[in-house]
Amino acid sequence: MRDTTLVIMAAGIGSRFGGGIKQLAPVGPNGEIIMDYSIHDALEAGFNKIVFIIRKDLEKDFKEIIGNRIEKVAKVEYAFQELDELPEGYSVPAGRTKPWGTGQAVLCAKDLVKEPFLVINADDYYGKEGFKKIHDYMVNEMDPDADPYDMCMGGFILENTLSDNGTVTRGVCEVNPDGTLKDVTETFEIQWKDGVLQAVDGKGNPVTVDPHQHVSMNMWGLPPKFFDELESGFPKFLDNIEEGNLKAEYLLPTIIDQMIKSGRGSVKVLETRDKWFGVTYQADKQTVVDSIRKLIADGVYKEHLYD
């Protein structure tokens, strides 16, 4: 069977560990964090390597909180996202403190991943279905050498990805009749208000969204040559940043959207009906704890996850 790797973007978890860092808040009955459940579901689906993308200054603490535990059940490697990890001839603009986004994060894993891989966020609970469908697609259907690039994504249903405690930002997808992605548009301030689902675009203008349409939750199944695309596109991105913009980010949804529009990539949307949850707001934590408890009670997970 083809090897597959799970790449977890965890470099944005902050410099302080413990209380207050949402990705590391215990949500399971034995101190498990959201990442534990994603890793468990990925291994169950058939993934056989985990790559954590973190910052170098977090390595010791990160390994103590989760890395060392996962090394007992899977092959684990680390990639490091740093602000100054730039192509030759480029330097960090004065005043820039923020890393360069999810595209740069994944590019940092280039030397560690030679097989089809799934990228996810560290702080999102995705459910089992997406991992299974993406793994099966990558093993049985994906042509890693295809041109245009053969990619896939977990297509969540918008109403299954909302927070009861505030607005969310989602990559709202338009899907072609053949099940491939037509485009993905970052959409902001999505929430139910007086029985109506409301949202705005990047300029703050109201837009219409359908609770049943697909959204991207940064769950992308990619061939290893995708790193070549990231590597060649990063200098172009840097060249086009407006002077004085210290927050511009090289983002996976934007990169993939551009590949689709230019005919260089095709993305199969693999629908998952699982309910997403994450700790976007402090009040979300109890919802996540309760949701995990219910999943254990329903037999989806064991009380001791890796036993």
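Criteria and cut-off values
Residues numbered from 1 in each chain as written. Predicted model: local features only at pLDDT ≥ 70, side-chain atom pairs only at ≥ 80, totals over all residues. Heavy atoms only, no water. Phe/Tyr/Trp six-rings, centres within 6.5 Å; stacked < 30°, edge-to-face > 60°. Buried < 20%, exposed > 50% of the residue type's maximum accessible area, 1.4 Å probe, protein only. Lys NZ or Arg CZ within 6 Å of the ring centre and 35° of its normal. Core = buried A, V, L, I, M, F, W, Y, C linked by side-chain atoms within 4.5 Å. Contact = heavy atoms within 4.5 Å. Helix = DSSP H or I, 4+ residues; strand = E, 2+ residues; numbered from the N terminus. pLDDT = per-residue confidence, 0-100.

1. Quick look at the packing of aromatic side chains
Aromatic rings considered in pairs are described by the distance between their centres and by the relative angle of their planes.
No. 1: Applying the stated rule across the entire model yields twelve aromatic pairs.
No. 2: Ring plane angle 90 degrees and centroid distance 6.2 Å describe the contact between Y126 and F131, whose orientation is recorded as edge-to-face.
No. 3: On the basis of relative accessible area, Y126 is assigned to the buried category, the value being 0%.
No. 4: Look at F131 and you get buried, because its relative accessible area is 0%.
No. 5: Each member of the aromatic cluster is reached from another via a ring pair, and the members are Y37, Y125, F277 and Y301.
No. 6: A cation sits over an aromatic face here: K63 above Y78, 4.8 Å from the ring centre.

2. Let's talk about the nonpolar core
No. 1: L6, I8, M35, I50, F52, L118 and F131 are the most contacted members of the largest nonpolar core, which totals 43 residues.
No. 2: Not counting chain neighbours up to four residues away, the residues in contact with M35 comprise I8, L24, F52, F62, I66 and A122.
No. 3: Counting 40 residues, the second largest nonpolar core, distinct from the first, contains A79, C108, F226 and F227.

3. Description of unusual backbone geometry
No. 1: A cis amide bond, omega 10 degrees, links D147 with the succeeding residue P148.
No. 2: With respect to the element layout, P148 can be found in the loop between α4 (128-140) and β6 (149-157).
No. 3: Even without being glycine, E189 reaches a positive phi, approximately 55 degrees.
No. 4: Residue E189 is classed as partly exposed on the basis of its relative accessible area, which comes to 48%.
No. 5: With a phi angle near 60 degrees, N218 is a residue other than glycine that sits in the positive phi range.

4. Structural notes on the confidence of the model for the chain
No. 1: Counting all residues, the mean pLDDT for the chain is 92, and 96% of those residues have values of 70 or more.
No. 2: Predicted confidence for residues 15-19 stays below pLDDT 50, and this span has nine contacts to residues more than four positions away or in other chains.

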